[in-house]
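Residue-level structural notes
Each chain is listed here by its residues.
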Amino acid sequence: MAEKISLPAKLINGGIAGLVGVTCVFPIDLAKTRLQNQQGQGIYRGMFDCLIKTVRSEGVFGMYRGAAVNLTLVTPEKAIKLAANDFFRNSLSQEGKELTLLREMLAGCGAGTCQVIVTSPMEMLKIQLQDAGRLATKNVLTGEGGAAATIPHTTAATYERPSALLITKNLLRSQGISGVYKGLGATLLRDVPFSIIYFPLFANINKFGQKSPQGKAPFYHSFIAGCFAGSVAAVAVTPLDVLKTRIQTLKKGLGEDTYNGIVDCARKIWRNEGPAAFMKGAWCRALVIAPLFGIAQVVYFIGIGEYILGHFK
């Protein structure tokens, strides 16, 4: 049996990994959200075009719009995800036997289900903040005088930037706790399949780097395994991520569709934008998830949490 890791250590490892990973890849995640929310004639032609126009209109810090929400909630989110997967793997394991693929998938399913407690409100708030700049830019380009050839440098100063606290207060006041958890079903629909794919794939790839069943793979092998498994799982569930993003976006631009649930959202996207729209932001999503989970697994397998806790004993 592999070395047992304490729950506090798992939580610390997951939290540190989440903070480092989000800080590194958040601008790409912002581009993903804006690309997925585009309907019809879009403002952005791709990830790099989105990032360039965001910097031009909102400044460098515009790429980190909504990062505070992620950095605040990513620690419990990643901690729950990684710790829950280990818990379910240990619960489903049989003495002296390796987990079957089915049991690995069940453990991943349990981890994905547990994490939405934090993921759903985190994503809901983050999306509103990330998409505010796109809506402001679209309003400028489609306002009086018709579409402009370039995005004005003053766009960032022409709209009121929402705050996560204000959005939360308004939702709780108008809709109660259900408002904060808008899109919970779509989040489950995305995160459970993601975890079912990611955790078994990572575990099996990571085994190739282990010299013995009791040993750990080298950190670089865990990083590569996490990146590969993360990118495969991310691309596989991109259509579900598009549905989740559209449903959780509260404020729509002029002429953009509104949705009444997952089925209605899927039907309108297919009818109005075609099947290719379900893969919007797939490249961005892979670039976000790959290093995010690569970093997570390196931190987790190096055992930074154990090292920190060791100083308190």
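Rules behind the numbers
Residues numbered from 1 in each chain as written. Predicted model: local features only at pLDDT ≥ 70, side-chain atom pairs only at ≥ 80, totals over all residues. Heavy atoms only, no water. UniProt positions renumbered as here; feature names shortened; annotations may be inferred. Helix = DSSP H or I, 4+ residues; strand = E, 2+ residues; numbered from the N terminus. Buried < 20%, exposed > 50% of the residue type's maximum accessible area, 1.4 Å probe, protein only. Contact = heavy atoms within 4.5 Å. 1 Å grid on protein atoms, 1.4 Å probe; cavity = no way out; pocket = protein on both sides within 12 Å on 5 of 7 lines; lining within 4 Å. Points joined across faces, edges and corners; volume = space filled by probe spheres on them. Nonpolar A, V, L, I, M, F, W, Y, C, P; charged D, E, K, R; others polar. Core = buried A, V, L, I, M, F, W, Y, C linked by side-chain atoms within 4.5 Å. pLDDT = per-residue confidence, 0-100. Expected span 1.5 Å × (residues − 1). Bend = angle between axes of the 7 residues up to and from the residue. Salt bridge = Lys/Arg side-chain N within 4 Å of Asp/Glu carboxyl O.

If you check an unreviewed UniProt entry, the protein chain appears there as Mitochondrial glutamate carrier 2 from Eleutherodactylus coqui. One UniProt comment on the protein chain, placed under Function (unreviewed entry), says "Responsible for the transport of glutamate from the cytosol into the mitochondrial matrix with the concomitant import of a proton (symport system)." One UniProt comment on the protein chain, placed under Sequence similarities (unreviewed entry), says "Belongs to the mitochondrial carrier (TC 2.A.29) family."

**What to know about the side chain of glutamine 128**
Relative to the helices and strands, glutamine 128 is located in helix H4 (residues 101-141). Classification of glutamine 128 by relative accessible area gives buried; the value is 10%. Apart from residues lying up to four places away in sequence, glutamine 128 is in contact with Ile167, Gln248, Thr249, Leu250 and Lys251.

**Let's talk about the UniProt feature "repeat: Solcar" (unreviewed entry) in the protein chain**
Under the feature "repeat: Solcar" (unreviewed entry), the UniProt entry names residues 5-91, 99-208 and 217-306. Helix makes up 72% of residues 217-306 and strand 0%, whereas the separation of the span's terminal C-alpha atoms amounts to 17 Å.

**What about the environment of lysine 169?**
Along the chain, the position of lysine 169 falls in helix H5 (residues 164-175). Note: C-alpha distance between lysine 169 and valine 180 (11 residues apart in sequence) is 9.4 Å.

**Observations regarding empty space enclosed by the protein**
Tallied over the entire structure, the rule returns one cavity of 30 Å³ or more. What the largest cavity holds in volume is close to 290 Å³. Lining the largest cavity are 24 residues; nearest its centre among them are Lys78, Glu123, Arg285, Ile289 and Leu292. Here the residues of the lining of the largest cavity sort into 10 nonpolar, three polar and 11 charged.

**A closer look at the nonpolar core**
Core analysis: the largest hydrophobic core is formed by 36 residues, its most contacted members being Phe194, Tyr198 and Ile289. Among the elements of the structure, helix H1 (7-37), helix H2 (47-58), helix H3 (67-92), helix H7 (184-207), helix H8 (219-236) and helix H11 (282-302) are those that each provide at least two residues to this core. It is H11 that provides the largest number of residues to this core, a total of nine residues. The residues touching phenylalanine 194, leaving out its near neighbours within four places in the chain, are Lys81, Gly230, Ala233, Ala234, Val237, Arg285, Ile289 and Phe293.

**Some points on the confidence of the model for the protein chain**
Mean pLDDT for the protein chain: 85, with 91% of residues reaching 70 or above. When the criterion is pLDDT under 50, residues 144-158 qualifies, and its contacts beyond four places in sequence or with other chains add up to 23 contacts.

**A closer look at the UniProt feature "transmembrane region" (unreviewed entry) in the protein chain**
This chain's UniProt record puts "transmembrane region" (unreviewed entry) on residues 219-243 and 286-309. End-to-end, the C-alpha atoms of residues 219-243 are 35 Å apart, and along that stretch the chain is 96% helix and 0% strand. Helix and strand shares over residues 286-309 are 96% and 0% respectively, and the end C-alpha atoms of the span are 33 Å apart.

**A few points about H1**
In this model H1 runs just 38 Å from its N-terminal to its C-terminal C-alpha over 31 residues, more than 12% under the 45 Å that 1.5 Å per residue would give. At valine 25, H1 shows its strongest bend, of approximately 60°, with the proline proline 27 following within four residues. Burial runs high along H1: 22 of the 31 residues are buried.

**Focus: the pattern of salt bridges**
Counted by the stated rule, this structure contains 19 salt bridges. Across the pair lysine 126 and glutamate 123 runs a salt bridge, and its minimum N-O distance is 3.1 Å. Of this pair, lysine 126 and glutamate 123 both sit in helix H4, three residues apart, roughly one helical turn. Taken individually, lysine 126 and glutamate 123 each receive the classification buried, so the pair is uniform in this respect. A salt bridge links arginine 190 to glutamate 123; the shortest N-O distance between them is 3.4 Å. One end of the pair, arginine 190, is in helix H7; the other, glutamate 123, is in helix H4, with 67 residues separating them in the sequence. Assigned by exposure class, arginine 190 and glutamate 123 land together as buried. Overlapping salt bridges bring together Asp29, Lys32, Glu123, Lys126, Arg190, Asp191, Asp241, Lys244 and Arg285 as one network.

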